[in-house]
Every structure is written in structure tokens, then in C-alpha cells.
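# Chains, contacts and geometry: an overview
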Amino acid sequence: MDAPSQDYADYYDQEAKAVGWHGPAVVFGLMYPYIQAGQSLLDIGIGTGLGSLLFAQAGLRVFGMDNSSAVLDGALSKGFAHDLREHDMLSMPYPYDRGSFDHAICVGTLQFFAGIDSILQEMGRVVRRGGVFGFTVADRKRDEPTSFTAGGEQPQSDRTVIMYRHPEPGVRASLEAAGFVVRSDLEFVTFMDAERTAPMPMKAYVVQREPRI
């Protein structure tokens, strides 16, 4: 095992815990009725594998994609993924054939993208008919701005990043265009700082790929 990779994975995971990041558990819980041991799952924006670890523990074969070799090393150090590939989520098509996977997830990633239509379309291509896709977005309510700045909440760092909220009507319209039917959704809250003073409302969706024949 590569020690630096393990150290990075530990740091990343500890930061997620510090800010109260429950996205992986929420998505796993919502998807649980649809999954079976032995099935395949693609995790896009896999990071260090936080989002898909529970699925691996449930017996699914996990495949992962991310644009960062550093976080992929972190996922690799955990030893549960069958295949990991470095690929930009905005570079289409993804390096997988149509209908390659039983299921897919994207947890804690889509808030970094202003537009998610092309990503949802690509997930509609790689997930098989009847399969489910679970993901999270930063939820946008009426009159809220689309974008917001995160990162300044940490007094020890001046690094900031722009994130994007996605309203439910727009998400549902994009999902329908991509061939998905919404099966469940759930609002929850995470935080943008370890002190948990800056809440970020999130929403998890579980959608099914054209289940009708």
C-alpha cells in the first residue's frame, strides 16, 4: 500500500466527517431496495471512494472515474474498486460502452458544475435499462442565487471555490430528457466548515433508467 496515498485518503475522509457529510449514507439508503450483490456500479467523481464504499461492502463490483490522479490513488489504497480511470466528467463520451453498468452514483460532486445536463445524458447512456442512478446536488430554492462561494469559512485558509445550486424542476426536466424516472428524493444538510456554522442544503435523488419495455 502506498503510504502517501493512504495519508491523503485519511485526510480527505476526516474532512468529510468533520463537516457532517452524510451524502454517501443517504444515497446508499435510498438505493438499497434496487441493488443486489454481484451487480456493477459506476461511481463518477469517485474521489477517495467515500460514496461507493458502502456499495462495495454490500457486494457490488465498483468501478470509478475521476479527473484527479491524487484522489484516485486514495481510492486505490482502500482496495475495493475493480477498476479506476482518470477522466474529466465534462469530456464526453465517458470511457465506457452503452449499458455497461447495472447502477451508478455521483455523490458530492455535481455542485461543482454550473450545468449538469450533459453529465445526466451520459449517465443515461452507460446505465442499463432498469438500472438506477443515485446522486446529490446542492439544492436551490426559489429566489436563491444559482452560484455561491465556499471555502472562506475556514479561517486558516483563503482558498475559495464557486459552487452551484440546482433547482428541483430543472433537475427533473434534465433527468426526463436523459431517459430517467425519479423514484425517490430526500433533502438533507451538510456544512461548509468544520465548526458547522455554514449550512449547505443538499438533495439526493435516486432515478431509474427507462424501466418500461
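How each quantity is defined
Residues numbered from 1 in each chain as written. Predicted model: local features only at pLDDT ≥ 70, side-chain atom pairs only at ≥ 80, totals over all residues. Heavy atoms only, no water. Salt bridge = Lys/Arg side-chain N within 4 Å of Asp/Glu carboxyl O. Helix = DSSP H or I, 4+ residues; strand = E, 2+ residues; numbered from the N terminus. Buried < 20%, exposed > 50% of the residue type's maximum accessible area, 1.4 Å probe, protein only. Contact = heavy atoms within 4.5 Å. pLDDT = per-residue confidence, 0-100. Pairing = 2+ DSSP bridges. Right-handed = clockwise from strand over helix to strand, strands pointing away.

## A closer look at the pattern of salt bridges
This model, assessed by the stated rule, comprises 12 salt bridges. With a closest N to O distance of 2.6 Å, D13 and K78 form a salt bridge. Here D13, found in helix α1 (residues 3-18), pairs with K78, found in helix α4 (residues 69-78); they are 65 residues apart in sequence, far enough to count as distant. A single network of salt bridges, built from pairs that share partners, joins E168, R172, D185 and K203.

## Some remarks on helix α2 (residues 23-31)
An α-helical segment advances 3.6 residues per turn. Residues three or four places apart therefore align on the same side. α2 sits mainly inside the fold: 7 of its 9 residues count as buried. G23, P24, V26, V27, F28, L30 and M31 are the residues of α2 that are buried. On its buried face, α2 is in contact with β1 (40-44), α3 (53-57), β4 (101-106), β5 (127-140), β8 (180-191) and β9 (199-209).

## With respect to the confidence of the model for the chain
In the predicted model, the chain carries a mean pLDDT of 90, and 91% of its residues have values of at least 70. The low-confidence segment residues 153-157, where pLDDT is below 50, has 8 contacts with residues more than four positions distant or belonging to other chains.

## As for unusual backbone geometry
For the bond from M92 to P93, the omega torsion is -5°, close enough to zero to count as cis. With respect to the helices and strands, the residue P93 is situated in the loop between β3 (81-86) and β4. Backbone geometry places D143, a non-glycine residue, at a positive phi of 75°. Assignment of secondary structure puts D143 in the loop between β5 and β6 (147-150).

## Describing the pairing of β5
Within β5, 10 of the 14 residues are buried, which leaves it mostly tucked inside the rest of the structure. The pairing of β4 with β5 spans 5 bridges and is parallel. Pairing of A104 across the sheet is with F133, part of β5. After leaving β4, the chain enters helix α5 (residues 117-126) and then returns to the sheet as β5, a path that is right-handed. Relative to β9, β5 runs antiparallel, the two sharing 7 bridges. In the sheet register, G134 faces β9, and the bridge partner there is V206.

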